[in-house]
Amino acid sequence: MSHAKPELSWCAPDSIAQAQLIKSCSKESTWTRLIRPDPRTADVVMLNIGANKGYEIAEFFQRHAPHRGITNRIWYSEIVNYANLTHSKHLRWSAPGGCKDYRNSKPSWATDLPSGQRLRVHAFELNQRTSALLTHLASSFNLSDMVTVHRQPVSDVSGPVCVHQGPAGFEKGGIRTVAAARCSEYLNATSIDSFLRRTSFSHVFQLVVDTEGHDAAVLMGMRQSLRERRIRILQFEYSGRWPVEPKECKLRSLDAHYPVACKKPSRTLGSTVRWMWEEAGYACYFTGAQDGAMIPISNACWRPELEVRRWSDVLCAHQQGDIDVLSELSASAFARRGARGGPRAQLQNK
């Protein structure tokens, strides 16, 4: 199905300077108040790839089902209880979250979904102990009928992959490319395209990717779903772990002393937001700049200097109304900064 490309009519004049101030733990959350689920949809679905301790899940329910009384502080307390129950020192230490997520307060504007709408969360976590934690949290907060935990890696391919394990709450695990003799466990990976083909829901309201540097591969695995615009709001992390240049494979054949000819593809932020705009019509924004300001980085807003190569959060949308909201947030933040960059630039879609 062919979709009309949206318009992106605002670029932050000081985007390069603002990109240098990006902090991975400074997320802009105003959009969650302004962009709400379509009341005509029966299921409001979130996919959380690399769910870890589940703070994204807790905040999803805070925004759309505040009557349940879930807060990040209460979620944190239950993580600590589970850590004590399982004698996990690492989980007790890491329970607050990498960005001190337990401090985030429930938004005062949160409202319950209209009667008849259901929340559905699919959380993907490959670490065995962490997936057990997520299952425990879902049960403890009576969310088991709404939260499904998948102990499964997500990538751009489906099939068996080598995974690295660790204690509950461990954030440095992931898919490994090591020799078979050194692999402790194989799990069957899936792509988002493959997963969505097997599900009954047609659209995803919010998809959050946090796979500690593997986000580019996860995005490639949802390419068809993005083209079909089945995902309304997409969030992912960008970091220095993304390969800038193609990497030569160092494998050697068993009967010779020369490298096997192969290359691992380059996956940069610039190339990623380019294909997402050109192929699927998604406009993307940095969300971790000064004061949580949003920086448009798609189409004519992209600059090579925005390839900042450090932990940063990116949010993408395809609906024109959502893009207008995000661009207005960016423009308002620019005005507050008191910069003088002239009027909004009317950009030509490419």
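Being a predicted model, the structure only gives us computed values, none of them experimental.

Q: Outline empty space enclosed by the protein, listing residues and values.
A: Applying the stated rule across the entire model yields one cavity of 30 Å³ or more. When its volume is computed, the largest cavity comes out at roughly 30 Å³. Taken together, I57, W75, L134, A138, L143 and V147 form the lining of the largest cavity. For the lining of the largest cavity, the per-class residue count stands at six nonpolar, no polar and no charged.

Q: Just give me the short version of the pattern of salt bridges, but keep the residues and values in it.
A: By the definition in use, this model includes seven salt bridges. The residue E185 makes a salt bridge to R151 at a minimum N-O spacing of 2.9 Å. With E185 in the loop between strand 5 (174-176) and strand 6 (186-189) and R151 in the loop between strand 3 (147-150) and strand 4 (159-164), the pair connects residues that are 34 residues apart, well separated along the chain. Residue D322 is joined to R232 by a salt bridge in which the shortest nitrogen-to-oxygen separation is 2.8 Å. Pair noted here: D322 is in helix 11 (residues 320-336) and R232 is in strand 8 (residues 231-238), with a separation of 90 residues, a long-range link. Here D322 matches R232 in class, with each residue buried. Salt bridges linked by common partners bring R223, R227 and E279 together as one network.

Q: Describe the confidence of the model for the chain, naming the residues involved and giving the relevant values.
A: Interpretation of the predicted coordinates at a detailed level should be avoided for regions scoring low in pLDDT. Of the residues in the chain, 84% reach a pLDDT of 70 or more, and the chain-wide mean stands at 85. Note on residues 339-350: pLDDT is under 50 here. Beyond four places in sequence and across chains, it has 26 contacts.

Q: Could you give an account of the pairing of strand 3, naming the residues involved and the relevant values?
A: Note: strand 2 (residues 118-124) against strand 3, four bridges, orientation parallel. Within strand 3, the residue paired with H122 across the bridge is T148.

Reading guide: rules and limits
Residues numbered from 1 in each chain as written. Predicted model: local features only at pLDDT ≥ 70, side-chain atom pairs only at ≥ 80, totals over all residues. Heavy atoms only, no water. 1 Å grid on protein atoms, 1.4 Å probe; cavity = no way out; pocket = protein on both sides within 12 Å on 5 of 7 lines; lining within 4 Å. Points joined across faces, edges and corners; volume = space filled by probe spheres on them. Nonpolar A, V, L, I, M, F, W, Y, C, P; charged D, E, K, R; others polar. Salt bridge = Lys/Arg side-chain N within 4 Å of Asp/Glu carboxyl O. Helix = DSSP H or I, 4+ residues; strand = E, 2+ residues; numbered from the N terminus. Buried < 20%, exposed > 50% of the residue type's maximum accessible area, 1.4 Å probe, protein only. pLDDT = per-residue confidence, 0-100. Contact = heavy atoms within 4.5 Å. Pairing = 2+ DSSP bridges.

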